[in-house]
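Structural features, examined
Spelled out, the chains give:
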Amino acid sequence: MKDWWQDLQKREQQLILGGPIALVTVLLWAFVWLPYQKNKDNLQTQIYARGQQLIEITQIAAQAKTAGKSPQSANSTAGRGNRSLLRITDESARAAGLAAALKRIEPDTDKQVQVWLENADFDKLITWLEVIESKYSVRVESSSINKVSKKTTGAVNARISLREY
């Protein structure tokens, strides 16, 4: 083998040494670099597509959010102003003529209150509950309404849980 190598011309020796280097370079390019580049391009395309999907989903969510608000709830929120549920409950109950019957209003959470009424006129109570639901988007979560006595007509004791929606 050594004799064979010695018999080769300098140019042939360089060609034989350079051939494997060129072969390794071509193989690395074909089996490492090209797949890497293709994968990188595919990932960039996917990232762009996902970004476009995210933009579309965000726009659809915003449209759904605004479409989900009924005109009634938008008007009731505007009618509420910056007042808390506690304040709205107190003011509207007094405006409905239930001031004497109103014994206690206690907040449960930011969006829920408990109301206690004694000797309240049943008709005024029901009218008040209808007004706060339609005007302020406040609904009755639960209620306990009892007649005061058999002798009195239309007077009730009530415990009512109200919630904003």
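Residues numbered from 1 in each chain as written. Predicted model: local features only at pLDDT ≥ 70, side-chain atom pairs only at ≥ 80, totals over all residues. Heavy atoms only, no water.

1. Overview of the environment of Lys135
Turning to its location among the elements, Lys135 is positioned in helix H5 (residues 122-136). Distance from Lys135 to Gln9, taken between C-alpha atoms, is 102 Å for residues 126 residues apart in sequence. (Helix = DSSP H or I, 4+ residues; strand = E, 2+ residues; numbered from the N terminus.)

2. Brief notes about the packing of helix H4 (residues 85-95) against H5
As a packed pair, H4 and H5 sit with axes 10 Å apart at the nearest point and diverge in direction by 130°. Taken together, H4 and H5 sit at an angle that is classed as oblique. In terms of crossing hand, the pair formed by H4 and H5 is right-handed. The segment H4 lies against H5, with Ile88, Thr89, Ser92 and Ala93 engaging Trp128, Ile132 and Tyr136. Considered class by class, the residues forming the contact of H4 with H5 number 5 nonpolar, 2 polar and no charged. (Axes fitted to C-alpha atoms, helices over the stretch in contact; angles between N-to-C directions. Parallel < 35°, antiparallel > 145°, perpendicular 65-115°, else oblique. Left-handed = near helix turned anticlockwise from the far one by under 90°. Contact = heavy atoms within 4.5 Å. Nonpolar A, V, L, I, M, F, W, Y, C, P; charged D, E, K, R; others polar.)

3. Examining the nonpolar core
Ranked by internal contacts, the top residues of the largest apolar core, which has 20 residues, are Leu117, Leu125, Trp128 and Leu162. Among the elements that take part in this core, H5 stands out by supplying 5 residues, more than any other. Ignoring anything within four residues of it in the chain, the contact list for Leu117 reads Leu98, Ala101, Leu102, Lys103, Leu125, Trp128, Val156, Asn157, Ala158 and Ile160. (Core = buried A, V, L, I, M, F, W, Y, C linked by side-chain atoms within 4.5 Å. Buried < 20%, exposed > 50% of the residue type's maximum accessible area, 1.4 Å probe, protein only.)

4. Examining the pairing of strand S1 (residues 102-109)
Direction of pairing for S1 relative to strand S2 (residues 112-121): antiparallel, over a ladder of 6 bridges. Counted as the bridge partner of Leu102 is Leu117 from S2. (Pairing = 2+ DSSP bridges.)

5. Side note on the packing of aromatic side chains
According to the stated counting rule, one finds 2 aromatic pairs in the structure shown. Each ring, one from Trp4 and one from Trp5, has its centre 6.4 Å from the other, and the planes form 50°; the classification is tilted. Owing to a relative accessible area of 46%, Trp4 belongs among the partly exposed residues under this scheme. Residue classification places Trp5 among the partly exposed positions, given a relative accessible area of 27%. Ring plane angle 40° and centroid distance 5.6 Å describe the contact between Trp33 and Tyr36, whose orientation is recorded as tilted. Taken as a pair, Trp33 and Tyr36 lie in helix H2 (residues 10-68) at a separation of 3 residues, close to a single helical turn. Relative accessible area serves as the criterion here: at 47%, Tyr36 is assigned to the partly exposed category. Positioned above the aromatic ring of Trp116, the side-chain terminus of Arg104 is 3.8 Å from the ring centre. (Phe/Tyr/Trp six-rings, centres within 6.5 Å; stacked < 30°, edge-to-face > 60°. Lys NZ or Arg CZ within 6 Å of the ring centre and 35° of its normal.)

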